[in-house]
Structures are given as C-alpha cells and as structure tokens.
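Topology and contacts: notes
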Amino acid sequence: MPNSSAALTSLTPIERRLLDAATDIMTNQSKQIDFLHTVQCQCVLPYRNPGENVREWDRRQGNASLRIEAGSALDPKTNEYVKVGLPYGEMPRLVLIHLASEAIRTNSPVVDVEDSMTAFARSLGIDTSGPQLRHLKDQLTRLANATVRMGFVEEGHTVQVNTQIVTALDLWYPTKASQKVLWPSTVRLSSDFFASLGRHAVPLDNRAIRGIAHSSLALDMYTWLAQRLHRVPANRPQFIPWTGLYDQFGQGYARIRDFRRNFLITLHNVKSVYPGARMDADEKGLTLFHSPPPISAYSYSISSS
C-alpha cells in the first residue's frame, strides 16, 4: 500500500489547494457565498490574449449572449487616453466574481478594491507583491474599461443590458517603471449592471472558487454547471453533444478530441468541488441530470439605488 503521507507531501500547491477545498466542501457547510451574473456563467471570456488589436469579443450560449468591447483609460502622467486590451484568462473571471460578491455582501455598487482585492488575491494564493499581482491589476484595468453588452431572449423578446460594468474609477500610476499599470483603488459598478446583478446573480461556493482558481476552463465549467444543473427538469435529462461543448468551451483547440480529453480531466476536478453535480459523459457528449445547486439555501438583498 502506498504511503499516504508521502503522497500528500508530493502534491503541488495547486493540487493541495484543490484537495483542501474538496475535503472542506464534503465535510462542512459553506461559510462564504460568492456570486456571478448568470450571463457571465454561460458566455465565457477569452482564455488567452486574443491580441491587443482585437477590440471585440462575442459569445453566445443558449438564450444568453455576451459582447465585450475593449476600451480606453486616461493616463494621469500624460493626460492622454490609452487603448486597453480585452480581458483574458482566469484573473478577470476571478475579478468579476469578486466584484459581484462584494457588491451583494455590502449591498453597495461601490467596491473598495485596494483592500478587498489584495485580501482576495492572498486567499487564492496569488503573490501580492510580484508579477501575478501586476497581471491581476492589468486584467482589472482591462475589465473596468470594457463596454459589456449582455442579453437574453425570453418568450420571443430580447432583454439587453448595454453598459460598462464599472462606471467610475479612482486611478493612480505607480512610480516604478516595472509596475506601470493603471490600477483602480475603488470601483463603482454601473447602475444597470448592479440592478441586473440583483435579479440574476448565481450563488457559488467560495471554497470551490479558491480550489479551481488556477484554471479558466474549470472556473467556466463550475459556474456554468452552478446555474444550469438545478434548472434541468427532474424527469428530463439534457444531452449536449461534444460539438456543442466545443463551441462553448473549446477556444484554442484545433481538434475536438484534444478538447474532449482536457475537458474530461477538468470535469473531474470540478466535480470534486461540486460533489452534488450529476452528469454522465460518453463518446457522444455530456448528459446533465437535475442536481442541487452548489449553494442550496441562501438569502441576500440588493438595491439598485
């Protein structure tokens, strides 16, 4: 029999964080609930930088659509607007979850990013003094200056929100050349987004987010399942072919079989932090069964005033 202590000590920090999160979720109730807008649970951001010259990103899944348009920010050193690229990777996903969660927890559209984001980064194991933090700041700047269009098709008509997630920025420019990153210390969520969030927030387990924070694909799969599985009819499982999953999550993969292999590995990790999720995968695709949401009981209030 292999030595279990030796096996545990050989885990990487990422594997350890995933194991700790899965164990905690299996044995204890959640003490902290995170949130994300339902459209952002269904329509994913770029996994990698699509290029600084790419100014628009469109995604559609089911009845939900998302368009992100890259913006510009005023550089206080030059007093000129500079173009900011599209957000990409796991960092803006974590930022969106953090902003939505803080707004709902404080019942306020104003989020004190400087303190809360640093604490949030540390809880995810992000180095708050090195390149990772500079990347986090860069991604928040990209996200804060982007224009976001979110829409649903409901009962034959369209419900659409056109807004910037963030409408007010408090920006400063670091003095060190190596840290020239625009960085808001506080952000104000737009009234449209804040109101829409109050109606369409999906509750998530903070421990699960910490456990899979290293993977954009895992974060996308977890948030998608969190808003999807409890809506699957109890007597009518829903089948999604691999081509459909590839269209939704397969950006960057030239072949579906390569995507499928990585998807199944990632699905195993997601299932470990969402143990109530019920699904079956085979050669044809993924079948979803009615499952309890990761946070089965919650209460919160949010005001758009």
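To start, this report covers the structure provided alongside it.

Quick notes on the rules
Residues numbered from 1 in each chain as written. Predicted model: local features only at pLDDT ≥ 70, side-chain atom pairs only at ≥ 80, totals over all residues. Heavy atoms only, no water. Core = buried A, V, L, I, M, F, W, Y, C linked by side-chain atoms within 4.5 Å. Buried < 20%, exposed > 50% of the residue type's maximum accessible area, 1.4 Å probe, protein only. Helix = DSSP H or I, 4+ residues; strand = E, 2+ residues; numbered from the N terminus. Pairing = 2+ DSSP bridges. Axes fitted to C-alpha atoms, helices over the stretch in contact; angles between N-to-C directions. Salt bridge = Lys/Arg side-chain N within 4 Å of Asp/Glu carboxyl O. Left-handed = near helix turned anticlockwise from the far one by under 90°. Contact = heavy atoms within 4.5 Å. Nonpolar A, V, L, I, M, F, W, Y, C, P; charged D, E, K, R; others polar. 1 Å grid on protein atoms, 1.4 Å probe; cavity = no way out; pocket = protein on both sides within 12 Å on 5 of 7 lines; lining within 4 Å. Points joined across faces, edges and corners; volume = space filled by probe spheres on them. Phe/Tyr/Trp six-rings, centres within 6.5 Å; stacked < 30°, edge-to-face > 60°.

Some points on the nonpolar core
Formed by 80 residues in total, the largest nonpolar core has its most connected members in L99, Y222, L225, L245, F249, F263 and L288. In terms of residue count, helix 4 (residues 90-106) provides more of this core than any other element does, nine residues in total.

Some words on the sheet that holds strand 7 (residues 147-154)
Paired through backbone hydrogen bonds, the strands of a sheet run either parallel or antiparallel to each other. The strand order across the open sheet formed by four strands is 2-3-7-8, and the pairing between neighbours is antiparallel. Looking at which strands have only one partner, the edges of the open sheet turn out to be strand 2 (56-61) and strand 8 (157-164). Averaged over all pairs of adjacent strands, the angle between strand axes in this sheet comes to 10°, irrespective of strand direction. Two elements, strand 2 and strand 3 (residues 64-69), share six bridges in a ladder whose sense is antiparallel.

Some details on the pattern of salt bridges
All chains considered together, the criterion is met by 14 salt bridges. Between R67 and D58 there is a salt bridge whose closest N-O contact spans 2.6 Å. Classification of R67 as partly exposed rests on a relative accessible area of 28%. The class for D58 is partly exposed, based on a relative accessible area of 39%. When the shortest N-O distance is used, the salt bridge between E283 and R260 registers 3.3 Å. With a gap of 23 residues between them, E283 in the loop between strand 13 (279-281) and strand 14 (285-288) and R260 in helix 11 (residues 256-273) connect regions that are remote in the sequence. The exposed category is assigned to E283, whose relative accessible area is 62%. Judged by relative accessible area, R260 falls into the partly exposed class, the value being 24%. The structure contains a network of salt bridges with shared partners spanning D24, D205 and R207.

Concerning the packing of helix 4 against helix 9 (residues 216-228)
One can describe the packing of helix 4 onto helix 9 by two numbers: an axis separation of 8 Å at closest approach and a directional angle of 40°. Handedness of the crossing formed by helix 4 with helix 9: left-handed. Packed against helix 4, whose contacting residues are E90, R93 and L94, the element helix 9 presents S216, L219 and D220 at the interface. Here the residues of the contact of helix 4 with helix 9 sort into two nonpolar, one polar and three charged.

Side note on empty space enclosed by the protein
Taken as a whole and assessed by the stated rule, the structure comprises one cavity of 30 Å³ or more. Computed from the structure, the largest cavity encloses a volume of approximately 130 Å³. If you go around the largest cavity, you meet 16 residues; those closest to its centre are L36, Q40, L45, R93 and L96. Where the lining of the largest cavity is concerned, the elements lending two or more residues are strand 3, helix 4 and helix 9.

Observations concerning the packing of aromatic side chains
Within the structure shown, the criterion is met by eight aromatic pairs. Consider the rings of Y222 and Y274, whose centres lie 6.0 Å apart with planes at 75°: the pair is edge-to-face. On the criterion of sequence distance, the pair formed by Y222 in helix 9 and Y274 in the loop between helix 11 and strand 13 is long-range, its members being 52 residues apart. On the basis of relative accessible area, Y274 is assigned to the buried category, the value being 2%. A centroid spacing of 5.3 Å and a plane angle of 70° characterise the contact between W224 and F249, whose relative ring orientation is edge-to-face. Of this pair, W224 sits in helix 9 while F249 sits in helix 10 (residues 242-249); the two residues are 25 residues apart in sequence, bridging distant segments of the chain. You can call W224 buried: its relative accessible area is 1%.

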